[in-house]
Amino acid sequence: MINVASTMPGYSWPKWGEEKHLKTRHFYILIYTDWCQKMGVFFYTQVDSAVCNRCTYTSRSCHQSTCFKREKNLSKYSNGQDDRPKVGLGARGHRPYDKKKEEAPSLRPVPPPISGGGYRARPATATVGQKKVERKPPDADGCLHADPDLGVLCPTGCKLQDTLVRQERPIRKSIEDLRNTVDSVSRTSSSTFQYITLLKNMWKGRQNQVQDNENVVNEYSSHLEKHQLYIDETVKNNIPTKLRVLRSILENLRSKIQKLESDVSTQMEYCRTPCTVTCNIPVVSGKECEEIIRNGGETSEMYLIQPEDSSKPYRVYCDMKTEKGGWTVIQNRQDGSVDFGRKWDPYKQGFGNIATNAEGKKYCGVPGEYWLGNDRISQLTNMGPTKLLIEMEDWKGDKVTALYEGFTVQNEANKYQLSVSKYKGTAGNALIEGASQLVGENRTMTIHNSMFFSTYDRDNDGWKTTDPRKQCSKEDGGGWWYNRCHAANPNGRYYWGGAYTWDMAKHGTDDGVVWMNWQGSWYSMKKMSMKIRPYFPEQ
């Protein structure tokens, strides 16, 4: 049953006794209203052969009890008139129940059969020798048998009716009970059939699932067999072969490692003694290279000089070919073999290799990488007017020079302060004018003239800051007369190939062997040397 008022939009409750016909796709539904309207409940039921609707008061619930046959032609009821024949009101032997909420109907207990009453006793049988008494047949409404002893031929109509009526009552009740039993058995049989059908379907589905599982298992089994064959083949054949190859490679590596260890041990024993260069030093000497060339020294090689009588002689490389010779080399860069990122004392005393043997010659005619030492440079430049010649070469072989007619370095007490003047040359005046790429204050920050000498452990540069990490020598790779910081950096880090980038530098700065006025900040020279000579008038 369905609540019509709640399922039909726009529907209003009918008045007492009113009936409405709702047209559906296949049949009409007749709706009656009575006392159920007062209770707020309204029902209708759809029946395929008939529509039965009536509300009656039975145990405070509504039941359907009025039926009428469905009309096949529905068009004649569309005008709102109801010409269908009405049927009589009668009781039904069952009440529909909700299978989801109610229990299935069951038989109730019955009283025992009726006892007492029945037929009278039969008459007694006549004895032998007794006189037969003539009896008068009973009145059978004129219907007598030919033989009076046979009794009445047939009952009268009223008696027959009474007999049939008495027999009909128990039979009708038995038939009604039998009908109820048949209905119950029918419903039970229907439910059982549905359950059996459902079980059959479930069983078929289960069989299909089992078959699918068997197929999947068989498929995985075949894959597993293939993998097992592959593993067996790999373990038994491939892996042993590869292991043998790896063992041979390992043995080869072990032999090479042993050879390398032996070579390292040999080199370590060799390096325990200081490396010395065996070459003949010319007998000619002087205070510096200019005096040597004037005393007869003509070849460019390593000589001994003694600037003052009170000081010990020391070795220098003299360039006797460039610009009429007599140049004392105080700094040389050519192959990156010597690290110039050193502290104050090494720069004070000097470091590196002065010269090496020339091929096929017995003298040291090839200059090495070295820094002569700030004390010696200061001593030589304070002996009198001194020229400074800076030569440089890029990685393409192009060469430029920077000549300063005046060059002096103060002593250690004055932090080896630099003083240069009178520039000539093709490289650009980096020491006096600063970097030519910059202007204004930025350019002034790169001027080296008048700067103190700085190393990463002795900060004397022109970068005035409270942060001790910000030091030009620490960031630019060497000791030099840094301002804030440089236009020239002859003692910077050596980069092969010339061009380098900020991400190659240790601190992201232009820390190469730089002369900005010629090749810019990000180009490191292949060769650079600094040479000094006493000033004298040239003819």
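Just so you know, the residues in each chain are numbered from 1, in the order the chain's sequence is written. Local features are withheld for residues below a pLDDT of 70 in this predicted model, meaning they are given only at 70 or higher, and side-chain atom pairs are given and counted only at 80 or more; totals for whole chains, interfaces and linings count all residues. Calculation of side-chain values draws on the structure's entire complement of heavy atoms; hydrogens and water are dropped beforehand.

J.: Quick question: what am I supposed to make of the confidence of the model for the protein here?
T.: In low-pLDDT regions, the fine details of the predicted coordinates are not to be read closely. Residue-level confidence of the predictor, termed pLDDT, takes values from 0 up to 100. Across the protein, the average pLDDT comes to 76, with 69% of residues at or above 70. The spread of mean pLDDT over the elements of the protein runs between strand β6 (residues 67-69), the lowest at 35, and strand β9 (residues 327-333), the highest at 97. Per-residue pLDDT stays below 50 along residues 1-95; that stretch engages in 147 contacts with residues further than four places along the chain or on separate chains. To qualify as a helix, a DSSP run of H or I must reach at least 4 residues; to qualify as a strand, a run of E must reach at least 2; elements of each kind are numbered from the N terminus. Any two residues whose heavy atoms approach within 4.5 Å are treated as being in contact.

J.: In this structure, what is going on with the state of the cysteines? I would like to understand it.
T.: Here is the idea: a disulfide is a covalent bond, and it sits between the sulfur atoms of two cysteines. Disulfide assignment relies on a single distance test, namely cysteine sulfur atoms paired within 2.5 Å. Applying the stated criterion across every chain yields a total of 2 disulfides. The disulfide partner of C289 is C318, and the S-S distance across this bridge is 1.9 Å. Between C289 and C318 the sulfur-sulfur dihedral comes to about -75°; the bridge is accordingly left-handed. Of this pair, C289 sits in helix α4 (residues 289-294) while C318 is found in strand β8 (residues 314-319), placing the two residues 29 residues apart along the sequence. A 1.4 Å probe rolled over the protein chains alone gives each residue an accessible area, and that area as a share of the maximum for its type sets the label: buried under 20%, exposed over 50%, partly exposed in between. A residue is classified by how much of its surface remains accessible, and C289, at 0% relative accessible area, is buried. Residue C318 is classed as buried on the basis of its relative accessible area, which comes to 0%. Disulfide pairing is shown between C472 and C485; the S-S distance is 2.0 Å. Between C472 and C485, the S-S dihedral sits near -85°, and the bridge is therefore left-handed.

J.: Sorry, what's going on with the UniProt feature "coiled-coil region" (unreviewed entry) in the protein here?
T.: UniProt positions are given in the numbering used here, feature names are shortened, and annotations may be inferred rather than shown by experiment. In the numbering adopted here, UniProt assigns the feature "coiled-coil region" (unreviewed entry) to residues 243-270. Secondary structure over residues 243-270 splits into 100% helix and 0% strand, and the C-alpha atoms at its two ends are 40 Å apart.

J.: Honestly, the side chain of N429 in this entry has me stumped. Any pointers?
T.: Note that N429 resides in the loop between β16 (418-425) and α7 (430-433). According to the relative accessible area criterion, N429 is buried, its value standing at 8%. Within the local environment of N429, its side chain forms a polar contact with the side chain of Y404, the two groups lying 2.7 Å apart. The contacts of N429, once residues within four sequence positions are left out, are Y404, Y423, G434 and N517. Any N or O atom pair separated by 3.5 Å or less is treated as a polar contact, with the protein-specific requirement of one donor-capable and one acceptor-capable atom, and with residues adjacent in sequence counted only for side-chain atom pairs.

J.: It is not clear to me how the pattern of salt bridges should be interpreted in this structure. Could you clarify?
T.: Pairs can form between side chains of opposite charge once their charged atoms are near each other. The working definition used for a salt bridge is a side-chain nitrogen of Lys or Arg within 4 Å of a carboxyl oxygen of Asp or Glu. Per the counting criterion, the structure on display carries 13 salt bridges. Notably, a salt bridge pairs E412 with K348, separated by 2.9 Å at the nearest N-O pair. Of this pair, E412 sits in the loop between β15 (399-409) and β16 while K348 is found in helix α5 (residues 344-349), placing the two residues 64 residues apart along the sequence. For E412, a relative accessible area of 30% puts it in the partly exposed group. One continuous salt-bridge network, built from bridges that share partners, spans D319, E391 and K531.

J.: Help me understand a nonpolar patch on the surface in this model?
T.: Think of a patch as exposed residues, more than 30% relative accessible area, with no salt bridge, where like charges cluster within 9 Å and nonpolar side chains (Val, Leu, Ile, Met, Phe, Trp, Tyr) cluster within 5 Å. Only the protein chains shown count as cover for residues, and the accessible areas themselves come from Shrake-Rupley with a 1.4 Å probe. A cluster of nonpolar residues, Y230, I231, V235, I239, L243, V245, L246, I249, L253 and I257, forms a patch on the protein surface that exposes about 910 Å² of accessible area. Relative to the elements of secondary structure, I239 occurs in helix α3 (residues 157-271). Taking the relative accessible area as the measure of exposure, I239 reaches 38% and is therefore partly exposed.

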